[in-house]
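What follows is each chain in one-letter form.
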Amino acid sequence: AIRWVLDRALARAGIGCRTFERGQDALNALEAAKTVGGELPLVLVSDIRMPGLSGVDLLTKVKELVPELPVIIMTAFSDLESAVSAFQGGAFEYLTKPFDVLKAVELISRAMEDARRRGLHAAAGQAGAAAQGAASAASPIDEPSAPVPDLIGQAPAMQEVFRAIGRLSQSNVTVLLTGESGAGKEVVARAIWKHSRRSRAPYIAINMAAIPRELLESQLFGHEKGAFTGAVATRLGRFEQAKGGTLFLDEIGDMPMELQTRLLRVLSNGYFYRVGGHQPIKADVRVIAATNQNLEERVKSGQFREDLYHRLNVIRLRLPPLRDQVEDIAPLSAHFLAAGARELGVEPKTLTPEALNVIRAFPFPG
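These numbers come from a predicted model, not from an experiment.

Participant: Can you help me understand the overall build of the protein chain in this one?
Facilitator: When its secondary structure is counted, the protein chain shows 14 helices and twelve strands. Counting every position in the protein chain, which comprises 366 residues, the buried fraction comes to 46%. As displayed, the protein chain has an accessible area near 18,400 Å², and 54% of this comes from carbon and sulfur atoms.

Following this line, the structure appears as structure tokens:
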């Protein structure tokens, strides 16, 4: 059904396409075209779950065959692992079903322009896009039990979060996570680290609001022996402990002003000094910061440095409160009930429809 709809919508937009039920059939057509120098599409649109070859496997093989071909992955089963796998495999974009057909056509057109800029040319009058996806992918199929996911969410707001994590895991840029208390900022920070190239190195978290301000500088940057009373040995700070990995600075809005200056210097030139030290130390970390406060307002009131705010706000990712993703309450409830049952060694429990309705009506601050 989706192949049919996309075929008609693309035709109305003046874009020809060929459709295939199975990933292997699309791959065979590409291999044949490549071998004889025939027509190549400007875009491939593929489902992620299909009979035989999966969309992620197809993406891998297509990138080996035609590296410059943009691939748009679409799915009704969006989860974090799928999003990360798609972007790690080089997907142009990740499209979750149900989607707006006009927006899908716009996305395909944008991918075609990108392909042309990169020198991929379809033969004159030939397919501008190869749309592919099996009808069986529109409904759940039996699959082996999957590992516990990092994040659960089918709501559009969470789909945006998954897509962002997939993209961010491929880069080393500083990230600012915003959202109410309890929205899952540290869970997302861990997911970005886990799926990044720095995942083999440490993930270190520090909460700015939980450490007395007189100890915070030493906690972050470490200290030399004798730097102050009680400093009987050299101590590594979080920046050194996280070497090669990711440093998560939680509640960054509560950072004292004098430490904001030191953090700005590290983010600006990449070096810091231990307390009482004279040797500059190279900071080899990716910084992810989080806050439930309005940093713009704190900048206006003089409580947060504007230059540090801009250094942290390279990529901002807002995490939605649960009241904005009501459709995820049922699967989240099932997940936590199952986890609790495993922990307590009892049989799994389920919620009655009445209980679920009560929970769905809760305002969920954070």
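Participant: Even after reading the chapter, I still don't get the nonpolar core, so can you show me in this structure?
Facilitator: One recurring pattern in soluble globular proteins: nonpolar side chains tend to sit buried together. Ranked by internal contacts, the top residues of the largest apolar core, which has 41 residues, are Val62, Ile73, Ile165, Leu177, Val188 and Leu317. The element best represented in this core is helix α6 (residues 156-168), accounting for six residues. Not counting residues within four places of it along the chain, the set of residues in contact with Leu177 comprises Lys185, Val188, Ala189, Phe248, Ile288, Ala289, Ala290, Thr291 and Leu317.

Participant: Would you mind going over the environment of Arg213 with me for this structure?
Facilitator: Relative to the helices and strands, Arg213 is located in helix α8 (residues 213-221). Spatially, the C-alpha atom of Arg213 lies 9.7 Å from that of Asp254, the residues being 41 residues apart in sequence. Discounting residues that sit within four places of it in the chain, Arg213 has contacts with Pro256 and Glu258.

Participant: Honestly, the sheet that holds strand β7 (residues 203-207) in this entry has me stumped. Any pointers?
Facilitator: Strands sit in the order β7-β8-β11-β6-β12 across an open sheet of five strands; the sheet is parallel. Among the strands making up the open sheet, the edge pair consists of β7 and β12 (315-318). Going from strand to strand, the sheet's axes swing by 20 degrees on average, the running direction of each strand aside.

Participant: I would appreciate a short explanation of the pattern of salt bridges in the present structure.
Facilitator: Pairing between side chains of opposite charge can happen when the charged atoms of each approach one another. Summed over all chains, the structure comprises 15 salt bridges. Among the ionic pairs, Arg262 bridges to Glu217, the shortest N-O distance being 2.4 Å. A residue pair is termed long-range when its members are at least 10 positions apart, and Arg262 in helix α10 (residues 257-269) and Glu217 in helix α8 qualify at 45 residues. Residue classification places Arg262 among the buried residues on the basis of a relative accessible area of 14%. The exposure class of Glu217 is partly exposed, given its relative accessible area of 29%. Ionic pairing is found between Glu297 and Lys300, a salt bridge with its closest N-O pair at 3.9 Å. Taken together, the positions of Glu297 and Lys300, both in helix α11 (residues 295-300) and three residues apart, correspond to about one turn of that helix.

Participant: So what exactly am I meant to see when it comes to unusual backbone geometry here?
Facilitator: Positive phi is not limited to glycine here, since Glu251 has a value of about 50 degrees. Take Glu251: it is sitting in the loop between β8 (246-250) and α10. When its relative accessible area of 14% is taken as the criterion, Glu251 is described as buried. Unlike most non-glycine residues, Phe364 shows phi in positive territory, near 45 degrees. Among the secondary structure elements, Phe364 is positioned in the segment after α14 (353-360). Owing to a relative accessible area of 19%, Phe364 belongs among the buried residues under this scheme.

Participant: Quick question: what am I supposed to make of the environment of Gly226 here?
Facilitator: On the secondary structure map, Gly226 appears in the loop between α8 and α9 (238-241). Gly226 sits in the exposed class, given a relative accessible area of 57%. Counting along the chain gives 49 residues from Gly226 to Val275, while the straight-line C-alpha distance between them is 9.7 Å.

Participant: Even after reading the chapter, I still don't get the packing of aromatic side chains, so can you show me in this structure?
Facilitator: Centre-to-centre distance and the angle between the planes together describe a pair of aromatic rings. According to the stated counting rule, one finds six aromatic pairs in the structure shown. For the pair Phe221 and Phe272, a centre-to-centre distance of 5.8 Å together with 40 degrees between the ring planes defines the contact as tilted. Taken together, the residues Phe221 in helix α8 and Phe272 in strand β9 (residues 271-272) connect sequence positions 51 residues apart. Since its relative accessible area comes to 0%, Phe221 is described here as buried.

Participant: I'm lost on helix α1 (residues 2-12) in this one. Help?
Facilitator: For an α-helix, the turn length of 3.6 residues means that residues three or four places apart are oriented alike. For α1, the complete set of buried residues consists of Leu6, Ala9 and Leu10. Angularly, the buried residues of α1 cover 100 degrees about the axis, an arc narrow enough to put them on a single face. Every exposed residue of α1 that faces more than 90 degrees away from the buried side is listed here: Trp4 and Arg12. Downstream of α1 by one or two residues, Gly14 has phi in the positive range, about 75 degrees.

Participant: Even after reading the chapter, I still don't get the packing of α1 against helix α5 (residues 101-117), so can you show me in this structure?
Facilitator: When two helices pack together, their arrangement is given by the angle between their axes and by how far apart the axes lie. Where α1 meets α5, the closest approach of the two axes is 10 Å, and the angle between their N-to-C directions is 65 degrees. Between α1 and α5, the interaxial angle falls into the category roughly perpendicular. In this structure, the crossing between α1 and α5 has a hand that is right-handed. For the pair α1 and α5, the contacting residues are Val5, Leu6, Ala9 and Leu10 in the first and Val101, Ala104, Val105 and Ile108 in the second. The class makeup of the residues in the contact of α1 with α5 is eight nonpolar, no polar and no charged.

Rules used in this analysis
Residues numbered from 1 in each chain as written. Predicted model: local features only at pLDDT ≥ 70, side-chain atom pairs only at ≥ 80, totals over all residues. Heavy atoms only, no water. Helix = DSSP H or I, 4+ residues; strand = E, 2+ residues; numbered from the N terminus. Buried < 20%, exposed > 50% of the residue type's maximum accessible area, 1.4 Å probe, protein only. Areas by Shrake-Rupley, 256 points an atom, 1.4 Å probe, with all protein chains shown as cover. Core = buried A, V, L, I, M, F, W, Y, C linked by side-chain atoms within 4.5 Å. Contact = heavy atoms within 4.5 Å. Pairing = 2+ DSSP bridges. Axes fitted to C-alpha atoms, helices over the stretch in contact; angles between N-to-C directions. Salt bridge = Lys/Arg side-chain N within 4 Å of Asp/Glu carboxyl O. Phe/Tyr/Trp six-rings, centres within 6.5 Å; stacked < 30°, edge-to-face > 60°. Arc of directions from axis to C-beta. Parallel < 35°, antiparallel > 145°, perpendicular 65-115°, else oblique. Left-handed = near helix turned anticlockwise from the far one by under 90°. Nonpolar A, V, L, I, M, F, W, Y, C, P; charged D, E, K, R; others polar.

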